[in-house]
Amino acid sequence: MLSILVCHSYFLRLDQKQLERGKPYPPLATLQVAAMLRNAGHQVSLFDAMLAEGLDDYNRILRATEPQLVLFYEDTFNFLSKMCLGSMRQAACDMIASARRAGARVIAAGPDVSDAPGPYLQAGADLALIGEGLAALLDLLPRLDSRPDAHSDDLKAGLAGIASLSQDKVVSVNGARVLPDPQLDGIAAWDLVDMERYRATWLTAHGYFSLNMAGSRGCSFRCAWCAKPTWGNHYLQRTPQAVASEMIHLKRSFNPDHIWFADDIFGFRTEWVSAFTAAVEAADGGVPFTIQTRADLISERMARELKNAGCAEAWLGAESGSQRVLDAMNKGTTVGELHTARARLKSAGIRVGFFIQLGYLNEQLADIVATRDLLAAARPDEIGVSVSYPLPGTKFYELVKAQLGRKTHWHESSDLEMMFHGTYTSDFYREVRNLLHDQVSLQAVNAAAGAASDGDHGRAERTLDQRWHDLLDREVEYRSRPRRPAATG
């Protein structure tokens, strides 16, 4: 069997915003693949870039393990991997080049690899897996095991969902398959993680320790801006018993204070959540957790079941307070459902976060004000704010790709830069983001203090109102100008 070094390229130190935030998680999808490969009999080691100091750490492991194969499998549950940040692509390409110099074969997989396999192949990867890539990987490994020096063309012959170079051009074979659930339904290779380093980072920054899990892969909804290079429109759910078993394992092995469920949609059905609760309670394995979900899935019963399961916080993809924008996004939810979901979750004792997306195609000032008003009325406990980010393979990307300049990806997650011709400039959206964050923070302070409209709280509100007034009064100054077409000839 093969000796395989499994790794990813998300270096926390290369993303200043996330470094300051101090909430690193082990690379869940990478660990799931490591466990799958071990179960198949391969000798597996791990390079976890998340808390590494740099490429020197990687090169030391590369020399120590002398793998036959280096598998770059990015953590597809990490939304920052889905954003395909430029700094991480460069890190991956540098790592691939080091692996080839060390004499290893290299296979690469991940959202950015699927969207743009060229840079990875040109850096030295033998093959790039398209989509989830695991079905093709399991077909490739026996071939590589029997013929370690086989040419890439021979390795991939007859297989779909793989890209390679031929005369310096990328050649892809479509038809990638998603791996059936049972092969990923076990416990991830948590033993390969330097867990105490994660624990120390969390305790220093926040005073508690959080780990990550996932009960499903993918999302069946079809929001126009949502990139799905890994699972397409599939929603593949593990059994509630399997998810409970992994939570119990994490509690007994590492004793986290909190779990972040990285699913796009946790639970989906109340019956699944109820069965998960029963399995966890039977083994006294519950850990408070945070989820992501949709407003239209939060019935009164779902809110109660989530609370019974141990859900402490739920994040909703609110996106906008404007129904016109939600409809343009093909979001499939209404502003009214956002209010209702917030109220139901609050009544059940669950904190609520709203993801807000500014700058969608043709968003106008009235839509931004509607988003401000949504936050004022619904009063989420927290928000996350970004601007619309066009990624290949989405309907949104097709709508704006003619407007894209040279920069097609952010370098770091803090960029918050418009990459297409939106209504306003990036500076305007950054100002709006700051105001929205300050608004939600002030609402939380007022709620905790039971503040009246006078005193320090009243002055803070008046200051915030004035900042909004000043920005909206000058909004015409921030309107973006049409980009000139690129020079030709």
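Keep in mind the model is a prediction, meaning the values are calculated, not measured. (Residues numbered from 1 in each chain as written. Predicted model: local features only at pLDDT ≥ 70, side-chain atom pairs only at ≥ 80, totals over all residues. Heavy atoms only, no water.)

A. Structural context of the pattern of salt bridges. Scanning the entire structure with this criterion turns up 23 salt bridges. Among the ionic pairs, Arg 197 bridges to Glu 53, the shortest N-O distance being 3.3 Å. Here Glu 53 lies in the loop between strand 2 (43–47) and helix 3 (55–65) and Arg 197 lies in helix 10 (residues 195–206), a separation of 144 residues in the sequence. Note that Asp 438 is salt-bridged to Arg 467, the shortest N-O span being 2.9 Å. Separated by 29 residues along the polypeptide, Asp 438 in helix 18 (residues 426–449) and Arg 467 in helix 19 (residues 455–473) bring together distant segments of the chain. Taking the relative accessible area as the measure of exposure, Asp 438 reaches 33% and is therefore partly exposed. Assessed through its relative accessible area of 34%, Arg 467 is described here as partly exposed. Each of Arg 100, Arg 105 and Asp 126 takes part in salt bridges that share partners, so that together they form one network. (Salt bridge = Lys/Arg side-chain N within 4 Å of Asp/Glu carboxyl O. Helix = DSSP H or I, 4+ residues; strand = E, 2+ residues; numbered from the N terminus. Buried < 20%, exposed > 50% of the residue type's maximum accessible area, 1.4 Å probe, protein only.)

B. Region of interest: the sheet that holds strand 13 (residues 311–319). Read from one edge of the open sheet, 6 strands run 8-11-12-13-14-15, paired in parallel fashion. Each edge of the sheet is formed by a strand with only one pairing partner; in this case those strands are strand 8 (210–213) and strand 15 (382–387). Taken over all neighbouring pairs, the strand axes of this sheet differ in orientation by 20° on average, direction set aside. Examined bridge by bridge, strand 14 (residues 351–358) and strand 15 share 6 bridges and lie parallel to one another. Each bridged residue has a counterpart across the sheet, and for Leu 358 the counterpart in strand 15 is Val 387. (Pairing = 2+ DSSP bridges. Axes fitted to C-alpha atoms, helices over the stretch in contact; angles between N-to-C directions.)

C. Region of interest: helix 8 (residues 134–146). For helix 8, spanning 13 residues, the distance from its first C-alpha to its last is 19 Å, which sits close to the expected 18 Å at 1.5 Å a residue. Approximately 25° is the largest bend angle found in helix 8, and it occurs at Leu 140, with the proline Pro 142 only one to four residues beyond. For helix 8, the set of buried residues is Leu 134, Ala 135, Ala 136, Leu 137, Leu 140, Leu 141 and Leu 144. (Expected span 1.5 Å × (residues − 1). Bend = angle between axes of the 7 residues up to and from the residue.)

D. Structural detail: the nonpolar core. Membership of the largest hydrophobic core comes to 122 residues, with the highest contact counts inside it found for Leu 37, Leu 137, Phe 261, Phe 276, Phe 289, Leu 306 and Phe 354. In this structure Leu 137 touches Val 33, Met 36, Leu 37, Leu 71, Ile 107 and Leu 129, once residues within four positions along its chain are discounted. Among the nonpolar cores identified, the runner-up in size contains 26 residues, and Cys 7, Ala 108, Ala 125 and Ile 130 belong to it. (Core = buried A, V, L, I, M, F, W, Y, C linked by side-chain atoms within 4.5 Å. Contact = heavy atoms within 4.5 Å.)

E. Spatial organisation of the pairing of strand 3 (residues 69–73). Within strand 3, 5 of the 5 residues are buried, which leaves the element mostly enclosed by the surrounding structure. With 4 bridges connecting them, strand 1 (residues 3–7) and strand 3 associate as parallel partners. The residue bridging Ile 4 from the neighbouring strand is Leu 69, located in strand 3. Looking at chain direction, strand 3 and strand 4 (residues 105–109) are connected through 5 bridges and run parallel.

F. Quick peek at the environment of Ile 383. Position of Ile 383 relative to the elements: it lies in strand 15. Distance in space between the C-alpha atoms of Ile 383 and Phe 355 is 5.7 Å, their sequence separation being 28 residues. Non-local contacts of Ile 383, meaning those with residues more than four positions away in its chain, are made with Trp 315, Phe 354, Leu 375, Leu 436, His 437 and Val 440.

G. The sheet that holds strand 3, seen in detail. The strand order 2-1-3-4-5-6-7 describes an open sheet built from 7 strands, whose pairing is mixed. Looking at strand neighbours, the two that pair on one side only are strand 2 and strand 7 (169–173), the edges of this open sheet. Taking each pair of neighbouring strands and ignoring which way they run, the sheet shows an average axis angle of 25°. Bridge analysis of strand 6 (residues 162–166) against strand 7 gives 5 bridges, and the strand direction is antiparallel. Within the sheet, the bridge partner assigned to Ser 166 lies in strand 7 and is Lys 169.

H. Structural context of unusual backbone geometry. The residue Glu 319 is not glycine, and still its phi comes out positive at about 70°. Counting through the fold element by element, Glu 319 comes out in strand 13. With a relative accessible area of 5%, Glu 319 lands in the buried category. Its identity is not glycine, yet Asn 330 carries a phi of approximately 60°, on the positive side.

I. Molecular detail of the packing of helix 11 (residues 240–254) against helix 12 (residues 270–282). Where helix 11 meets helix 12, the closest approach of the two axes is 8 Å, and the angle between their N-to-C directions is 40°. Classified by the angle their axes make, helix 11 and helix 12 are oblique. The handedness of the crossing between helix 11 and helix 12 comes out as right-handed. For the pair formed by helix 11 and helix 12, the contact residues are Pro 240, Gln 241, Val 243, Ala 244, Met 247 and Ile 248 on the first element and Trp 272, Ala 275, Phe 276, Ala 279 and Val 280 on the second. The residue inventory of the contact of helix 11 with helix 12, partitioned by class, reads 10 nonpolar, 1 polar and no charged. (Parallel < 35°, antiparallel > 145°, perpendicular 65-115°, else oblique. Left-handed = near helix turned anticlockwise from the far one by under 90°. Nonpolar A, V, L, I, M, F, W, Y, C, P; charged D, E, K, R; others polar.)

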